[in-house]
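Structural description and commentary
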Amino acid sequence: NVETLGSYAFSGSSLTSLTANRLKTVGDYAFQNCKAFCATELPSGIKSIGAFAFFGCKNITQFFIPNSVKRICGYAFACCSNMKKIRLPDKMRRISGGAFAHSGLEKVSIPRGIKSIERTTFFGCRLSDVIIPDGVETIGSCAFGYMHLNNVYFPKSVTWIETQERYASFWH
């Protein structure tokens, strides 16, 4: 009957999976650095995934996020270095900064409802081809930085791509 996993609930533990069918919220850092955690999906009623929630979960190879999720906070799946594939919810409107940074993502389908891809979202991933769907309006700096991209498609709806210089003070 658990609906909320609080911040740091299982952070650093040896947990391998989770069964919580009524879960609505995964708190910040909830599974951070759970090296053995290898679940591939969350319950269908979940609404929010907190910041750094699955950060560093190196045993995750793919993840299916249900359509009920409205919010994936920053760095939620960052440094999941073996995660090759993720399915994002169709109704998401934005992807938070760093959400998948330094993950092993090789393939991602960005949902058509996305309006904004924030700073460093896919930074350091293994993506080689990116199709940004019609409807995306803004792309943050380094959203696709430090990758060996072969092809990128930008639709006409993209009106602003942030430059790294705006955040120069963070890099020096």
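The following refers to the structure shown.

What counts and how
Residues numbered from 1 in each chain as written. Predicted model: local features only at pLDDT ≥ 70, side-chain atom pairs only at ≥ 80, totals over all residues. Heavy atoms only, no water. Helix = DSSP H or I, 4+ residues; strand = E, 2+ residues; numbered from the N terminus. Rg over C-alpha atoms; globule rule 2.2 N^0.38 Å. Buried < 20%, exposed > 50% of the residue type's maximum accessible area, 1.4 Å probe, protein only. Contact = heavy atoms within 4.5 Å. Areas by Shrake-Rupley, 256 points an atom, 1.4 Å probe, with all protein chains shown as cover. Lys, Arg positive; Asp, Glu negative; His and termini not counted. Charge placed at Lys NZ, Arg CZ, Asp CG, Glu CD. Pairing = 2+ DSSP bridges. Salt bridge = Lys/Arg side-chain N within 4 Å of Asp/Glu carboxyl O.

**Regarding the overall build of the protein**
Scanning the protein from terminus to terminus reveals one helix and 13 strands. Listing every helix and strand of the protein by position from the N terminus yields β-β-β-β-β-β-β-β-β-β-β-β-β-α. Here the C-alpha atoms of the protein give a radius of gyration of 16 Å, agreeing with the 16 Å that 2.2 N^0.38 yields for 172 residues. Along the first, second and third principal axes, the C-alpha set of the protein runs to 45 × 35 × 30 Å. When the 172 residues of the protein are sorted by exposure, 47% land in the buried category. Considering only residue pairs separated by 6 or more positions, the protein has 16% of its internal contacts joining residues 24 or more positions apart. Looking at the protein as shown, the accessible area adds up to about 8800 Å², and 50% of this sits on carbon and sulfur atoms. Computed over 20 positive and 11 negative side-chain charges, the separation of the two mean positions in the protein equals 5 Å.

**Re the sheet that holds strand β9 (residues 116–117)**
Taken in spatial order, the four strands line up as β7-β9-β11-β13 in an open sheet, and their pairing is parallel. Since the sheet does not close on itself, it has two edges, and those belong to β7 (94–95) and β13 (160–161), each with one partner. Alignment of β9 against strand β11 (residues 138–139), held across two bridges, turns out to be parallel. Paired with isoleucine 117 across the bridge in β11 is isoleucine 139.

**Describing the pattern of salt bridges**
Counted by the stated rule, this structure contains two salt bridges. A salt bridge links arginine 22 to glutamate 3; the shortest N-O distance between them is 3.2 Å. Of this pair, arginine 22 sits in the loop between β1 (4–5) and β2 (25–26) while glutamate 3 sits in the segment before β1, and the two are 19 residues apart along the sequence. Classification of glutamate 3 by relative accessible area gives partly exposed; the value is 35%. The shortest N-O distance in the salt bridge between glutamate 118 and arginine 94 comes to 2.5 Å. Of the two residues, glutamate 118 sits in the loop between β9 and β10 (129–131) while arginine 94 sits in strand β7, which places them 24 residues apart along the sequence.

All quantities given are derived from atomic positions and should not be read as evidence of function.
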